[in-house]
Amino acid sequence: MSRHIISILLENEAGALSRVSGLFSARAYNIESLTVAPTEDPSMSRMTIVTTGSEDVVEQITKQLNKLVEVVKVVDLSEAEHIEREMMLIKVRAGAKEREDMKRMADIFRARVIDVSDNTYTIELTGDGRKLDAFIQALDQSAILETVRTGASGIGRGNRILRV
Amino acid sequence: MDRVKGVELTGAEIVVRCLQEEGVEYVFGYPGGAVLFIYDELFKQDKVKHVLVRHEQGAAHAADDYSRSSNKVGVCLVTSGPGVTNAVTGIATAYMDSIPMVILTGQVPTAAIGLDAFQEVDAVGITRPCVKHNFLVKNVKDLAGTIKKAFYLAQTGRPGPVLVDIPKDVTMQSCEFAYPETVAMRSYNPVRKGHPGQVRKAAQLLLGAQRPMIYTGGGVILSDAAKPLGEIVRLLGFPCTSTLMGLGGYPASDPQFLGMLGMHGTYEANMAMQNCDVLLAIGARFDDRVIGNPAHFAQNPRKIIHIDIDPSSISKRVRVDVPIVGHVPDVLQDLIKLLSAEGGKPDIAPWWKQIGEWRARDCLKYDRNSKIIKPQFVIEKLYEVTRGDAFVTSDVGQHQMWAAQFYKFEKPRRWINSGGLGTMGFGLPAAMGVQLVNPGATVACVTGESSIQMCLQELSTCKQYRLPIKIVNLNNKYMGMVRQWQQFFHGNRYSESYMDALPDFVKLAEGYGHRGVLIDKPADVEPALRDAFKRKDELVFMDFLTDQTENVYPMVPGGKGISEMILAEDL
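Calculation notes
Residues numbered from 1 in each chain as written. Chains lettered and ligands numbered in written order. Predicted model: local features only at pLDDT ≥ 70, side-chain atom pairs only at ≥ 80, totals over all residues. Heavy atoms only, no water. Helix = DSSP H or I, 4+ residues; strand = E, 2+ residues; numbered from the N terminus. Buried < 20%, exposed > 50% of the residue type's maximum accessible area, 1.4 Å probe, protein only. Contact = heavy atoms within 4.5 Å. Areas by Shrake-Rupley, 256 points an atom, 1.4 Å probe, with all protein chains shown as cover. Lys, Arg positive; Asp, Glu negative; His and termini not counted. Charge placed at Lys NZ, Arg CZ, Asp CG, Glu CD. Pairing = 2+ DSSP bridges. Axes fitted to C-alpha atoms, helices over the stretch in contact; angles between N-to-C directions. Arc of directions from axis to C-beta. Salt bridge = Lys/Arg side-chain N within 4 Å of Asp/Glu carboxyl O. Parallel < 35°, antiparallel > 145°, perpendicular 65-115°, else oblique. Left-handed = near helix turned anticlockwise from the far one by under 90°. Nonpolar A, V, L, I, M, F, W, Y, C, P; charged D, E, K, R; others polar. Core = buried A, V, L, I, M, F, W, Y, C linked by side-chain atoms within 4.5 Å. Phe/Tyr/Trp six-rings, centres within 6.5 Å; stacked < 30°, edge-to-face > 60°. Lys NZ or Arg CZ within 6 Å of the ring centre and 35° of its normal. Polar contact = N/O pair within 3.5 Å; in protein donor to acceptor, adjacent residues only side chain to side chain. Buried area = accessible area lost by both parts, 1.4 Å probe.

Engineer: Just checking my understanding: could you explain the overall build of chain A for this structure?
Structural biologist: Helix and strand counts for chain A come out as four helices and nine strands. Secondary structure of chain A in N-to-C order comes out as β-α-β-β-α-β-β-α-β-β-α-β-β. Each of the three principal axes of chain A carries a C-alpha extent, and together these read 55 × 35 × 35 Å. Looking at chain A residue by residue over its 164 residues, the buried ones come to 41%. Of the contacts made within chain A by residues no fewer than 6 positions apart, 75% connect residues no fewer than 24 positions apart. Here chain A displays about 8,800 Å² of accessible surface, and carbon together with sulfur accounts for 50% of that area. Separation of charge centres in chain A, based on 22 positive and 25 negative side chains, amounts to 2 Å.

This is the structure:
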């Protein structure tokens, strides 16, 4: 079992997302995260799926995805050099006595405070999944009020390009 | 195609025009609120004939089998809500066996979608896992293009059912009609040619084989590859077996044919499959009913070449050494060219000697002196009486396996059964579709008293369209296959597999306006069949009272390897 990050170009059609997610549930594949949004060409969406499975299962996943009529291209980014990023918004308790510490911790992780109230901070942090995990771990758990993560987006390094 | 500028057609007119453009002869369907405008247009023309079934499951099966027996795209038309849900079993059946079919479904008006309207169901959502693709048409301008795409998708690549959901208001709106001549989709470009390097590797492996085996499946039938298959099998001189879905792809009476393989395959086919050193798999998918336990199958080392149009069928359950993605006839032609150039077939005499020993076990033998009708005997007589030239449809269970084992199919598209989904109730509507596309042909529906009752209402459709189907009901008063498993694996506890209160099938057939015959003695089997098949204009329901305790042998128990068979002689 290993972690794979799969990038998909698919037609931006109603129902395309449910075909992909339905495929994963129908065939009992794991989905750790799934993100999707239109590309510079509004008729096409780019999806990133993080999954875990044996080599055989991941091979089947890419073949089954390719078989979906609305899927244009599929690539397993983990087969070669790639970059992945995830964004997290995390709301923490930040009253008078926690404020300083919390700001310092955000700075260490190069996170940004993007909303402030009398007793909360909302912090934005971008990085790979492990960095986001590490930030959550580093905080006083009881100070965390809300966590929102986008799931990973991925792209190949250098000249490795996924397009039509 | 006539395209009249400025003349607008309604959505309903467009649907019918599209069917005409596609050359559709028959639509199988059932009317209802959401499709009334389409039915009105069907009424106004006579190019596309409508066949009124008695239940939408029957419509889907009949359209499916119209396609199975002809390789034309079957079309089925049903209304929204229950019309769709009733058809789902038939759609899933076609999907599992990769049958090209187009299903047109009515939908509530676009403004009502999502508001729990009367007879509303999310047709696209409910069928998504059992279609090749589906569409909801929200704008009449997209209707013709979508229907064109549906027909294209259904019959290209790995075929399958495609559903088009049409809201009622779309059938009422109008626009200019233009039926596209071609389809271009950047996301869908099925491969046809096999990779030449892979084909070369395959040829080398085949020529070096000592214990080769050719294993063929439904893909051979679907792609019309019987001719090149026959050529390659004879060219190489190798043994050949077939899955349930591939029967008829290679003539069953040929000595190189080892019979069907799998859970109820012959001893020789299963032993050769397990013990071969080079396996050529063609349009088959190594499913659980074919190779049993994949770990047991993998215990014997062998090189596997796999030709299939669908890459996801390759290395799914069994790791393959030489995958070749492509259209089976094209790949076989390339392979034949290479093999012919090499000349000479490998000497595999010792392997044939071994196969001969396995064959000598005579694994399909049964008691021919029985005083009770043996179901195998009925199928053998059916084969003789129809001179092996009938279209045979079946339902699901013991009778299906006996038909597959004992009716020797010589030609493709003659054996029509639900292999993947295993749908009881399939046989009778299947026979309707087959008879309509092959008028004048001999069509037999081999069934059992449990299966036939699952789509029995179609006897009424058969009457309306004067379909002279011959129903061979192997009546053992049990859900035979369930009973067999209960006998073997559940300590003879026949839980709910006995059918008490069975109807009098003779009276029932007569009630629908057909001829019914009861046969309870072995000596009456052949005369009854001869009499029935002489009646060219009549549906005859033959109710054969057969041995209640007969089992299908050989049998590979679930989870076992295919060489671990139970034979009749073991008991």
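After that view, the rundown keeps rolling.
Engineer: How do you make sense of the side chain of B:R414 when you look at a structure like this?
Structural biologist: Secondary-structure assignment places B:R414 in the loop between α17 (398-406) and β16 (415-416). By relative accessible area, B:R414 is classed as buried at 14%.

Engineer: How do you make sense of the sheet that holds strand β1 (residues 2-11) of chain A when you look at a structure like this?
Structural biologist: Residues and elements named next belong to chain A. As summarised here, the arrangement of the four strands in space is β2-β3-β1-β4, forming an open sheet in which the pairing is antiparallel. Because the sheet does not close on itself, it has two edges, and the strands there are β2 (33-38) and β4 (71-76). Here the strands of the sheet are splayed against their neighbours by 15° on average, with no regard to which way each runs. Relative to β4, β1 runs antiparallel, the two sharing five bridges. Bridging from a neighbouring strand, S7 pairs with V75 of β4.

Engineer: I keep staring at helix α2 (residues 36-43) of chain B and nothing clicks. Help me out?
Structural biologist: In an α-helix, one turn spans 3.6 residues, which is why side chains three or four residues apart end up on the same side. Residues and elements named next belong to chain B. Along α2, the positions that sit buried rather than exposed are I38, Y39, E41 and L42. Looking down the long axis of α2, one finds its buried residues gathered within 160° of arc, a one-sided arrangement. Taken together, the buried residues of α2 touch α1 (11-21), β2 (26-29), β3 (49-52), β4 (74-78) and α7 (168-172).

Engineer: Whenever I open this one, the pairing of strand β14 (residues 322-325) of chain B confuses me. Can you help?
Structural biologist: Residues in a regular strand point their side chains to alternate faces of the sheet. All names here are of chain B. A one-sided burial pattern is seen for β14, the buried positions being V322 and I324 and the unburied ones P323 and V325. Sheet topology places strand β13 (residues 303-308) next to β14; four bridges connect them, and they run parallel. Opposite H306, over in β14, you have P323 as the bridge partner.

Engineer: Even after reading the chapter, I still don't get the pattern of salt bridges, so can you show me in this structure?
Structural biologist: Pairs can form between side chains of opposite charge whenever their charged atoms are close. For the structure on display, the rule yields 46 salt bridges over all chains. In this structure, B:E526 and B:K381 form a salt bridge, with 3.3 Å as the shortest nitrogen-oxygen distance. Residue B:E526 is found in helix α22 (residues 522-534), and its partner B:K381 is found in helix α16 (residues 375-385); the two are separated by 145 residues along the sequence. Overall, the relative accessible area of 14% leaves B:K381 in the buried class. The network of salt bridges with common partners includes A:D56, A:E59, A:K63 and B:R319.

Engineer: Is there a simple way to explain the packing of α1(B) against α2(B) in this structure?
Structural biologist: The angle between the axes and the distance between the axes are what describe a pair of packed helices. Residues and elements named next belong to chain B. As a packed pair, α1 and α2 sit with axes 8 Å apart at the nearest point and diverge in direction by 55°. With respect to α2, the axis of α1 lies oblique. Between α1 and α2 the crossing geometry is right-handed. Contact with α1, carried on its side by A12, E13, V15 and V16, involves F37, I38, E41 and L42 of α2 and no other residues of that element. Residue composition of the contact of α1 with α2, grouped by class: six nonpolar, no polar and two charged.

Engineer: What is the right way to look at the packing of helix α1 (residues 16-26) of chain A against helix α2 (residues 55-67) of chain A in this model?
Structural biologist: All names here are of chain A. Two numbers describe how α1 lies on α2: the axes approach to 11 Å, and their chain directions differ by 145°. By crossing handedness, the relation of α1 to α2 is classed as right-handed. For the pair α1 and α2, the contacting residues are V20, L23 and F24 in the first and I61, Q64 and L65 in the second. Looking at side-chain class alone, the contact of α1 with α2 contains five nonpolar, one polar and no charged residues.

Engineer: So what exactly am I meant to see when it comes to the pairing of strand β17 (residues 443-448) of chain B here?
Structural biologist: Residue and element names in this part refer to chain B. β17 sits mainly inside the fold: six of its six residues count as buried. The side-chain alternation of β17 yields two buried faces, one formed by V443, C445 and T447 and the other by A444, V446 and G448. Pairing analysis gives four bridges linking strand β15 (residues 391-394) to β17, with the strands arranged parallel. By the bridge assignment, F391 is partnered in β17 with V443. Relative to strand β18 (residues 470-475), β17 runs parallel, the two being bridged by five bridges.

Engineer: When you look at unusual backbone geometry in this model, what are you seeing that I'm missing?
Structural biologist: One can expect most non-glycine residues to show negative phi and most peptide bonds to be in trans. All names here are of chain B. The omega torsion of the bond from Y553 to P554 falls at -10°, within 30 degrees of zero and hence cis. Within the secondary structure, P554 is located in the segment after β20 (540-545). You will see that D362, though not glycine, has its phi angle at about 50°, which is positive. Positionally, D362 belongs in the loop between α15 (349-359) and α16. Even without being glycine, E496 reaches a positive phi, approximately 60°. In this fold, E496 is placed in the loop between α20 (480-489) and α21 (505-511). Residue E496 is classed as exposed on the basis of its relative accessible area of 69%.

Engineer: Even after reading the chapter, I still don't get the nonpolar core, so can you show me in this structure?
Structural biologist: Most often, soluble globular proteins keep nonpolar side chains buried together rather than apart. Residues and elements named next belong to chain B. Ranked by size, the top nonpolar core spans 94 residues in total, and within it F286 and F544 carry the most contacts. Per-element tally for this core: the top contributor is helix α14 (residues 328-342), with six residues. Membership of the second largest hydrophobic core comes to 45 residues, among which are F28, V53, A87 and I469.

Engineer: Would you mind showing me how to read the packing of aromatic side chains here?
Structural biologist: The description of an aromatic ring pair rests on the distance of the ring centres and on the angle between the ring planes. Residues and elements named next belong to chain B. Under the counting rule described, the total for this entry stands at 20 aromatic pairs over all chains. When the ring of Y215 is compared with that of F286, the centres are 5.1 Å apart and the planes differ by 70°; the resulting orientation is edge-to-face. In this pair, Y215 is assigned in strand β9 (residues 212-216) and F286 in the loop between β12 (278-282) and α12 (288-291), connecting sequence segments 71 residues apart. F286 matches Y215 in its accessibility class, with the two residues each being buried. Following the ring pairs from residue to residue traces out a cluster consisting of Y383, Y407, F409 and W415. In this structure, K49 packs its charged tip against the face of Y26, placed 5.5 Å from the ring centre. Here K408 stacks its cationic end above the ring of Y383, 5.1 Å away from the centre of that ring.

Engineer: What is the right way to look at the side chain of B:S98 in this model?
Structural biologist: Residues and elements named next belong to chain B. Relative to the assigned elements, S98 resides in the loop between α4 (82-96) and β5 (101-107). In this structure S98 comes out as buried when scored by relative accessible area, which is 6%. Polar contacts involving the side chain of S98 include one to the side chain of R158, which spans 2.9 Å.

Engineer: How should I be thinking about the interface of chain B and chain A in this particular structure?
Structural biologist: By convention, interface size is frequently given as the accessible area that disappears when the constituent parts associate. Across the boundary between the two partners, chain B contributes 18 residues, which contact 18 residues of chain A. Contact with chain A buries area across many residues of chain B, yet B:R128, B:R186 and B:S187 alone supply 41% of it, more than any other trio. For the pair chain B and chain A, the number of links is five salt bridges. The partner of A:E59 in a salt bridge is B:R319, with the nearest N and O atoms 2.7 Å apart. Across the contact surface, chain B and chain A share 13 residue pairs in polar contact (both at pLDDT 80 or more).

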